[in-house]
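So the chains spell out like this:
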Amino acid sequence: MPDSTFLDATELVLNMGPQHPSTHGVLRVILKLDGEKVIGAECVIGYLHRGVEKIAENRTYQMFAPYVDRMDYVAAVSNGLGYCLAVEKLLDVEAPPKAQAVRVILTEFNRIASHLLWLGTHALDIGAITPVFYTFREREEILNIFEKYCGARLTTHAFRIGGLQYEIYEDFERDVKRVCDLLLPKFDEYEELLTENRIWKARLVNVGILRAEDCKAYGVTGPLLRAAGVKWDLRKAQPYSGYEKYDFEIPTRENGDTYDRYIVRMQEMRQSVRIIRQAVEGIPEGPIMAKVPKVMKPPVGEVYVSIEAPKGELGYYVVSDGSTQPYRVRVRPPSFVNLQALDKMARGALVADVVAIIGTIDIVLGEVDR
Amino acid sequence: MAEEDKGQQKAAAGGHGAAKGPAPPPPMAATPWESELTRQLQDRFGEQILEFASYRGQEFLVARPEAVVGILQFLRDEAGFDYLVDITAVDYPDRAERFDLVYIVYSFSRNQRIRIKTRIAEGYQPGTATGVYPGANWLEREVFDMFGIEFAGHPDMRRILLPEDWEGHPLRKDYSIIRQDERWVKENLGIESGQ
């Protein structure tokens, strides 16, 4: 057959998503391929854009609080904590010690819940069906605590500006301790299934490597940064909500590949249990709400407050013009910024690896698109 | 975050233009910020930097727009601010220089976060920071998408969250919350209005 019958087809463009189960929502990736090798990956996002930042400018400070839960909806408690801390900073108030302890417990539980959901779906992407049933089973226990505490399981709106709305319920401490005791052996169980599993390692080791200098260049934070060997966690670097009182480690790895991120997240869940156990031991007595005015009018000014969300640095830049509504709320979403490094990680990988790489970034499109 | 300024109403820094109405709230009670870093920046950039200030223990500087990329380069290369946290903007439609452009940078070695602010007029094209921090790419695209600020020299200056042929920039203050691109909605969704 003459060569001329073939188009110059060394480059192939493949569309992935937005309706694709492994893109974890509505992410569209346009892959440029050479054979099965990826030579470029362009993300098309915005399918879930709801204009959260615009809504903020048209609501009072308190009224906007439930909206932040809808960004990273698998870690709503973290979103709420970041927003409350930002407005509290603007008002120059601090939540009372009891509220801080409860906030830490629920936020760390949420980190575990977020990591469990990530682990189950990531394993499912790779082809391991079993873990997702296990991780959802354990996540349920955590969501039950949220439900008993504030009535909601996913978009919890658990915290209020200035502290908490609800006192902890009667058996809160007992439930928390029970779930902590239950979780640790389960983590070992997942690791038995996966950590030394030959297929798991073959699919993850040396896939989607992102070195520390690239992480910094792209602003990538969270488990991705720590898997690349940077021992940095905002809970330690710039503690908030009383994290300085608790004893815990920042797990890191060296290689910065998909497997290392898995190990880092597994260890982080154990550290979270460690923090929760310390926090629940001595929940201080006292008020759960700081003195905040009913009509909130922070003085003219601006603050940027960020927390270590399960996915990385989650920041709120809030500008007040002295009225009851924020003049501007900017959300610095970890998923959005981390996703930008997908192209860097995917280059040179195979199409099947792209699925693993998208999974390992741990994006939530609600937060990417806001 | 140690020393918080409890002194109220003490306006040390220039405010954001006079607000209308009977009793405008007092302007931001920022205090001057002085340190080794501000001295270095002052020596290097002189009058290009208009103000060093701190509010609620958070430090920021206000610079002329044409100096910003140079300042970022200096901060990254000579002061260790190796992580660009965020780029965003704030719209003040009544002001001659309509937008505040805000860069947030962090240094892992210093464990310090600062903001670089600049004021730009409608139509002014600030230089891109992608040459200093590759991560600025999407952040600048979002600012363009939401505010219509184009960055000169950006490798891929397109909308990022909204459809590419959408009209208008929603985070501008003159863009009402219920407004939308009627034509786009009609053509692409086949409905008269999304409301």
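Residues numbered from 1 in each chain as written. Chains lettered and ligands numbered in written order. Predicted model: local features only at pLDDT ≥ 70, side-chain atom pairs only at ≥ 80, totals over all residues.

**Quick notes on the overall build of chain B**
Selection rule: Helix numbers and strand numbers start at the N terminus; a helix is a DSSP run of H or I with at least 4 residues, a strand a run of E with at least 2. Exposure in this text rests on C-beta crowding, where 20 or more other C-beta atoms within 10 Å of a residue's own make it buried, 12 or fewer make it exposed, and counts in between make it partly exposed. The C-beta atoms are placed from the backbone.
Each helix and strand counted, chain B has 4 helices and 6 strands in total. Scanning chain B from its N terminus toward the C terminus, one meets helices and strands in the order β-α-β-β-α-β-β-β-α-α. Residue burial in chain B is summarised as follows: out of 195 residues, 37% are buried.

**Structural notes on the sheet that holds strand β3 (residues 37–44) of chain A**
Residue and element names in this part refer to chain A. Just so we agree on the cut-off: Each pair of strands is called paired provided DSSP finds at least two bridges between the two strands. The convention used is that axes are lines fitted to C-alpha atoms, helices contributing only their stretch in contact, and that angles between N-to-C directions extend from 0 to 180 degrees. Think of it this way: build a C-beta for each residue from its backbone, and any pair within 7 Å is a contact.
If you trace the 3 strands from one edge of the open sheet to the other, you get β1-β2-β3, paired in antiparallel fashion. Every other strand in the sheet has two partners, leaving β1 (12–16) and β3 as the edge strands with one partner each. In this sheet, adjacent strand axes meet at a mean angle of 20 degrees when their direction is disregarded. One ladder, built from 5 bridges, connects β1 with strand β2 (residues 28–34); its direction is antiparallel. Across the sheet, residue valine 13 finds its bridge partner in β2, namely lysine 32. Relative to β2, helix α14 (residues 351–361) is tilted by about 145 degrees, and along the sheet it contacts β2 and β3.

**Observations concerning the sheet that holds strand β3 (residues 58–63) of chain B**
Residues and elements named next belong to chain B. Strand order across the open sheet formed by 6 strands is β1-β2-β3-β6-β5-β4, with mixed pairing between neighbours. Every other strand in the sheet has two partners, leaving β1 (31–32) and β4 (83–91) as the edge strands with one partner each. Where β3 and strand β6 (residues 112–120) come together, 5 bridges link them in parallel fashion. Directly across from phenylalanine 60, in β6, lies its bridge partner arginine 115. Across the sheet, helix α2 (residues 68–79) is in contact with β3, β5 (99–107) and β6; its angle to β5 comes to roughly 5 degrees. Lying over the sheet, helix α3 (residues 136–147) contacts β4 and β5, oriented at roughly 10 degrees with respect to β4.

**With respect to the interface of chain B and chain A**
Quick reminder of the rule: Basically, the charged four are Asp, Glu, Lys and Arg, the nonpolar ten are Ala, Val, Leu, Ile, Met, Phe, Trp, Tyr, Cys and Pro, and anything else, Gly included, counts as polar.
Taken together, the contact pairs 32 residues of chain B with 34 residues of chain A. With 6 residues, β4(B) is the largest single contributor of residues to the side of chain B that touches chain A. A class-by-class count of the residues in the side of chain B that touches chain A yields 22 nonpolar, 5 polar and 5 charged.

**Re the packing of helix α4 (residues 97–126) of chain A against α14(A)**
Axes are the key here: two packed helices are described by the angle between their axes and the distance separating the axes. Residues and elements named next belong to chain A. Note the threshold: If an angle is under 35 degrees, it is roughly parallel; if it is over 145, roughly antiparallel; if it lies from 65 to 115, roughly perpendicular; otherwise it is oblique.
It is at 9 Å that the axes of α4 and α14 come closest, and there the two elements cross at 175 degrees. Here α4 is positioned roughly antiparallel relative to α14, judged by the angle of their axes. From α4, Thr121, His122, Asp125 and Ile126 reach across to α14, where they touch Val355, Ala356, Gly359 and Thr360. The residue inventory of the contact of α4 with α14, partitioned by class, reads 3 nonpolar, 4 polar and 1 charged.

**Section: the packing of helix α2 (residues 61–68) of chain A against helix α3 (residues 76–91) of chain A**
Residue and element names in this part refer to chain A. Operational definition: Each helix crossing is assigned a hand: it is left-handed if the near helix lies turned anticlockwise from the far helix by less than a right angle, otherwise right-handed if that turn is clockwise.
Put simply, α2 and α3 touch, their axes get as near as 8 Å, and they point 155 degrees apart. Viewed along their axes, α2 and α3 adopt a mutual orientation that is roughly antiparallel. Between α2 and α3 lies a crossing of right-handed hand. On the side of α2, the interface is formed by Tyr61, Ala65 and Val68, while α3 contributes Asn79, Gly80, Tyr83 and Val87. Residues belonging to the contact of α2 with α3 are distributed by class as follows: 5 nonpolar, 2 polar and no charged.

**Things to note about unusual backbone geometry**
A positive phi angle is found at Asp92(A), which is not glycine, with a value near 60 degrees. If you trace the backbone, Asp92(A) turns up in the loop between α3 and α4. By C-beta crowding, Asp92(A) is classed as partly exposed, having 15 other C-beta atoms within 10 Å. Positive phi, close to 50 degrees, is recorded for Asn111(B), a residue that is not glycine. Relative to the elements of secondary structure, Asn111(B) occurs in the loop between β5 and β6.

**Side note on the nonpolar core**
How we decide: Each nonpolar core reported here comprises buried Ala, Val, Leu, Ile, Met, Phe, Trp, Tyr and Cys residues connected via C-beta atoms within 7 Å.
Ile105(A), Leu342(A), Ile357(A), Leu72(B) and Val105(B) are the most contacted members of the largest nonpolar core, which has 157 residues in total. It is α4(A) that contributes the most residues to this core, 15 residues altogether.

**Quick notes on α14(A)**
An α-helix turns once per 3.6 residues; consequently, residues spaced three or four apart project the same way. Residue and element names in this part refer to chain A. Burial runs high along α14: 9 of the 11 residues are buried. Along α14, the residues that are buried comprise Asp353, Val354, Val355, Ala356, Ile357, Ile358, Gly359, Thr360 and Ile361. In the segment just after α14, aspartate 362 is the residue with positive phi, at about 60 degrees.

**What to know about the environment of Pro66(A)**
Looking at where Pro66(A) falls in the secondary structure, it is placed in helix α2. Taking the C-alpha atoms as reference points, Pro66(A) and Gly17(A), separated by 49 residues in sequence, lie 29 Å from one another.

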